[in-house]
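Coordinate analysis (summary)
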Amino acid sequence: MKRTGVCLLLGVLASLWIGPPEVNGQDDAGTCPAIVETALVVAGEACDGIGRNQACYGHAVLEAEPQEGISDWMFEQEGDRVGVATLYRLRTSAMDLEEQTWGMALLSLQANLPDTLPGQNVMLLLFGDAEITNAVENTPPPVLLDVTATGNPNVRSGPSTDYAVVGSLAAGQTVVGDGHDDTGNWLRIRLESGRIGWVYAPLVTITGDMTTLPTRSIIDDTEPEFGPMQAFYFRSDVGDALCNEAPNSGLLVQTPDGAGEISLMVNEVRVRLGSTAYLWMPETNRMNISVIEGQAEITTAGVTVMAIGGEEVSVLLDENGLASEAPSEPETLPVDFADPLPMSLLPRSVAFVTEAVFDGGSPAPLEVTQSTCVVSTNTPVNARRGPGVEFPADTTFYPDDQRTATQKASTPDGTWYFLGDFWVREDVVNETGDCESLPALLPVDYPTNHWWFIIINDGCSVNNGQSYIRAGEILDPIFLVDEGNVPESELGNTVRGFTPVITIDGVYREVTEIWVARAGSSPIISTARAATWRVPPGTHTLTATWGSHSASCSFTAYNG
């Protein structure tokens, strides 16, 4: 994947101070916002209608270098476009107040989206003093076709029933196919998790011409395949924003709506993205991945961390700009973090939502309109993690604190308001504005928020001593098999010879550990643990299959 003899070197950057500096003089105070506005307008017009797998020169000044052996290559002025497969390195320029320039470039990538979705592309927006270097050789983008299951076919680790089952497809589920075996009987597919698998061709429907897919072997599955600029090296300047209207130099990435998740390799960090994210460097040896909306999985050093909208993960880099440690745990972003980002150039508009950090202080009064519901209190009251007295009251809602309610819930013990990161009861607070029109949370049974025990014979059960799950919690899926209840003829399908398949919302979760919990007496308890998962809001289904046995549980995660 790396270009021979090339690595990303991080030089000593001019400024180590993060955040916009104090602007001296009335002229400069007006220049920076004007440059931002001009760059957005010019880049938007110059790159309108950008095609798949193209790079577009958005706003001056840019430096670009083609791949080796590329001739008749022109990328010198606004509106110029080149194929991303021909592009080796691209660097945009820092804001120049004197020249009134701010470098900006757009790249439209196919990534792992199928050929049958030509209008849906991954958009990269590089701006400021930032640089990306292509880590993929100058090769044509791979052929990708939609593959839709007609039944519930198994997904195997190789093109034969001799290979282990690593998952299954639901009837009507569509995934991406990128090859077939030499017999043409088996298709290689890419699951939403990014995992490679094989499915029997007669059990699926292919959109497009199967003969256009390349012939592949099981050896091809050992290394992931990335299209042009889907794997790259990235660097940006540190804290170089010159006004509140300009962000620090970096890279915005947005996936198309409804097209599933895509995989990127950035500085040897695997990023699986189904959302909008901002990559930037708060220090010369650290890269941050800030999730604006949706979710992202960041993997390095064998550790995967998930961040949802409004959260940020940091990765330490070595002297060559490559990942050197496991990613950090997610941290909540400030509520105004996304305000200066140039998201108007992205294909779809997004709303940045983050939980405000509760510190017991007294924020400025909120503006109350007829369409908002603002809640305050005269005395300290319990702030609970869910809408009911059975939920823990692990913080306090203090007097003079004002918050906008976004949801309400009616329970046997009263009406509750959701205030961003906790719930309070209606009869102990004051309301202003339109609180009657808030969306209502329907009564639900809250499952556990951490440990899941899956019993194949008795269905599903959960155990953590809690009655709910909160979005953002860590889920640790565990599949428990009581072999004392398994017929003797089926024992070979449990501990001996089979790795369980554990999925969440149909996405394969890697099994990280298998062990016997009790041995030497009957029954024997064998157990498997899958990779941990940070839970986004919504309803989710967790399924485990071991041999001929399976069990499935559904649960709902709520903000608050």
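Shown above is the structure to which this text applies.
Residues numbered from 1 in each chain as written. Predicted model: local features only at pLDDT ≥ 70, side-chain atom pairs only at ≥ 80, totals over all residues. Heavy atoms only, no water.

What to know about the pattern of salt bridges
Inspection of every chain in the model, using the stated rule, returns 10 salt bridges. Of the charged contacts, one joins Arg 89 and Glu 131 as a salt bridge, the two residues approaching to 3.6 Å between their closest N and O atoms. Of this pair, Arg 89 sits in strand 4 (residues 87-92) while Glu 131 sits in strand 7 (residues 130-134); the two residues are 42 residues apart in sequence, bridging distant segments of the chain. Relative accessible area serves as the criterion here: at 24%, Arg 89 is assigned to the partly exposed category. For Glu 131, a relative accessible area of 10% translates into the label buried. In this structure, Arg 272 engages Glu 297 in a salt bridge whose closest nitrogen and oxygen atoms are separated by 2.8 Å. Of this pair, Arg 272 sits in strand 18 (residues 269-283) while Glu 297 sits in strand 19 (residues 286-300), placing them 25 residues apart in sequence. (Salt bridge = Lys/Arg side-chain N within 4 Å of Asp/Glu carboxyl O. Helix = DSSP H or I, 4+ residues; strand = E, 2+ residues; numbered from the N terminus. Buried < 20%, exposed > 50% of the residue type's maximum accessible area, 1.4 Å probe, protein only.)

Comments concerning the sheet that holds strand 23 (residues 373-376)
Backbone-to-backbone hydrogen bonds pair the strands of a sheet. The strands run either parallel or antiparallel. Ordered in space as 26-23-30, the three strands form an open sheet in which the pairing is antiparallel. The outermost strands of the open sheet, each flanked by one partner alone, are strand 26 (403-404) and strand 30 (430-433). When strand 23 meets strand 26, the two strands line up antiparallel, connected through two bridges. Of the residues in strand 26, the one forming a bridge with Val 374 is Thr 404. (Pairing = 2+ DSSP bridges.)

Comments concerning the nonpolar core
Grouped together as the largest cluster of nonpolar side chains are 43 residues, with contacts concentrated most on Leu 90, Leu 107, Ile 132, Phe 234 and Leu 251. A per-element tally of this core places strand 18 first, with six residues. Residues contacting Leu 90, with those up to four places away along its chain left out, are Leu 62, Glu 63, Ala 64, Phe 75, Ala 105, Leu 107, Leu 126, Ala 130, Glu 131 and Ile 132. Membership of the second largest hydrophobic core comes to 31 residues, among which are Val 36, Met 104, Trp 280 and Phe 352. (Core = buried A, V, L, I, M, F, W, Y, C linked by side-chain atoms within 4.5 Å. Contact = heavy atoms within 4.5 Å.)

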